[in-house]
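Per-entry structural report
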Amino acid sequence: MQLSSAGRSVTILKEIDLFVPNKQFISIVGPSGSGKSTLLALIAGLDRPTEGSVAIDGASLSELSEDQLAKLRREKIGMIFQSFHLIPTLSALENVQVPLELRGDDDAVSQATRLLDTVGLSERSGHYPVQLSGGEQQRVAVARAYASQPALLLADEPTGNLDSKNGKRIIDLLLKLHQDHGSTLVLVTHDSALAKLADRMITLHDGSIVEDTICRHSGNI
Ligand SMILES: Nc1ncnc2c1ncn2[C@@H]1O[C@H](COP(=O)(O)OP(=O)(O)OP(=O)(O)O)[C@@H](O)[C@H]1O
Ligand SMILES: [Mg+2]
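Definitions and limits used
- Residues numbered from 1 in each chain as written.
- Chains lettered and ligands numbered in written order.
- Predicted model: local features only at pLDDT ≥ 70, side-chain atom pairs only at ≥ 80, totals over all residues.
- Heavy atoms only, no water.
- Pairing = 2+ DSSP bridges.
- Helix = DSSP H or I, 4+ residues; strand = E, 2+ residues; numbered from the N terminus.
- Axes fitted to C-alpha atoms, helices over the stretch in contact; angles between N-to-C directions.
- Core = buried A, V, L, I, M, F, W, Y, C linked by side-chain atoms within 4.5 Å.
- Buried < 20%, exposed > 50% of the residue type's maximum accessible area, 1.4 Å probe, protein only.
- Contact = heavy atoms within 4.5 Å.
- Salt bridge = Lys/Arg side-chain N within 4 Å of Asp/Glu carboxyl O.
- Parallel < 35°, antiparallel > 145°, perpendicular 65-115°, else oblique.
- Nonpolar A, V, L, I, M, F, W, Y, C, P; charged D, E, K, R; others polar.
- 1 Å grid on protein atoms, 1.4 Å probe; cavity = no way out; pocket = protein on both sides within 12 Å on 5 of 7 lines; lining within 4 Å.
- Points joined across faces, edges and corners; volume = space filled by probe spheres on them.

What follows covers the sheet that holds strand 10 (residues 208–214). Pairing is mixed across the open sheet formed by 6 strands, whose spatial order is 6-7-8-3-9-10. Lying at the two open borders of the sheet, with one neighbouring strand each, are strand 6 (77–80) and strand 10. Strand-to-strand, the axes of this sheet are offset by a mean angle of 15°, without reference to chain direction. In this sheet, strand 8 (residues 184–188) lies alongside strand 7 (residues 152–156) in parallel orientation, the contact comprising 5 bridges.

Take a look at the structure:
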């Protein structure tokens, strides 16, 4: 993966060879700047690799049109990123409602209300993203991802902005989504205890995978 910065080409990821089986929970760790967010953006089809390819469920992303890619993202991928990507013109509740309504659920409002309650934001449902703190926006993003029950859930430092109580809430919700709906979970984190809860931990350094370890754990926190 190369990006042009100030006229110079910078190689960010090199020779990444990663296969994530369906329903696996993998964590990605590594120092700041090692390429974790870039890797997630490639997997999500938000960036395109300069070389190589990314495939989801056998579909090579580079062969899809923008419309097909948007459809695949909407139907299969849930994203919780360092920047939250909430829709600024919609309230917290409406942001969570969107995937439910796209799916045609009749009770989108009550489901979204329940999910906001689960992430501790029932008091805030009418607030717009700009009126919410970073951590609160993060929790709305998790509730929204939960609502869409994606086959693939990509989370970039989902607890980075949160205190430990709210951080645990988010992680419990992500793990529940992974366990109850069999969502494949790719989680970027700086928290090594959290990273070890995964089935497998990938360590990035300077844009390369330097370790790929199977974790031994009980599966609970
Ligand atoms: N658009 C861009 N143009 C040039 N360089 C970029 C661009 N985006 C990211 N980079 C560089 O790519 C490298 C990897 O960035 P990335 O955001 O993937 O790191 P990260 O592992 O997620 O770091 P952090 O833990 O701080 O979030 C960094 O050196 C960053 O400066
Ligand atoms: Mg990052």
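So, about the nonpolar core. Grouped together as the largest cluster of nonpolar side chains are 35 residues, with contacts concentrated most on Phe25, Ile80, Val96, Leu116, Val140, Leu153 and Leu174. Elements that contribute at least two residues to this core include exactly helix 3 (92–102), helix 4 (108–118), helix 5 (134–148), strand 7, helix 6 (164–181) and strand 8. In terms of residues, this core owes the most to one element, helix 5, which gives 7 residues. Every residue in contact with Leu153, bar those within four places of it in the chain, is listed here: Gly78, Ile80, Ala145, Leu174, Leu177, Thr184, Leu185 and Val186. Listed in part, the 22 residues of the second largest apolar core include Ile43, Ala44, Phe81 and Val186.

Going through the model one piece at a time under the given rule, you end up with 8 salt bridges. The salt bridge involving Lys168 is made with Asp172; its shortest N-O contact spans 2.9 Å. Of the two residues, Lys168 and Asp172 are both situated in helix 6; the distance of 4 residues between them amounts to about one turn of the helix. Given the relative accessible area of 42%, Lys168 is considered partly exposed.

Now for the packing of helix 5 against helix 6. Put simply, helix 5 and helix 6 touch, their axes get as near as 11 Å, and they point 10° apart. Taken together, the axis directions place helix 5 and helix 6 in an arrangement best described as roughly parallel. Only Asn166, Arg169, Ile170, Leu173, Lys176, Leu177, Asp180 and His181 of helix 6 make contact with helix 5, whose side of the interface consists of Arg139, Val142, Ala145 and Tyr146. The residue makeup of the contact of helix 5 with helix 6, split by class, is 6 nonpolar, 2 polar and 4 charged.

Approximately 880 Å³ is the volume attributed to the largest pocket. Lining the largest pocket are 31 residues; nearest its centre among them are Leu18, Ile43, Ser53, Val54 and Ala55. Of all the secondary-structure elements, those providing two or more residues to the lining of the largest pocket are helix 1 (36–43), strand 4 (55–56) and strand 8. For the lining of the largest pocket, the class distribution of residues is 17 nonpolar, 8 polar and 6 charged. Each pocket or cavity is described by its volume, and for the second largest pocket that value is around 680 Å³. Contributing to the lining of the second largest pocket are 22 residues, with Arg73, Arg74, Ile77, Pro99 and Ser148 lying nearest its centre. Those elements giving two or more residues to the lining of the second largest pocket turn out to be helix 2 (66–76), strand 6, helix 3 and helix 5. Broken down by class, the residue content of the lining of the second largest pocket amounts to 12 nonpolar, 5 polar and 5 charged.

When you tally the buried positions in strand 3 (residues 25–29), you get 5 out of 5 residues, the bulk of the element. The alternating pattern of strand 3 places Phe25, Ser27 and Val29 and Ile26 and Ile28 on opposite faces, both of which are buried. Inspection of the sheet shows strand 3 paired to strand 8 by 4 bridges, in the parallel sense. Each bridged residue has a counterpart across the sheet, and for Ile26 the counterpart in strand 8 is Val186. As defined by bridge partners, strand 3 adjoins strand 9 (residues 200–205) across 4 bridges and the pair is classed as parallel. What sits directly across from Ile28, in strand 9, is Ile202.

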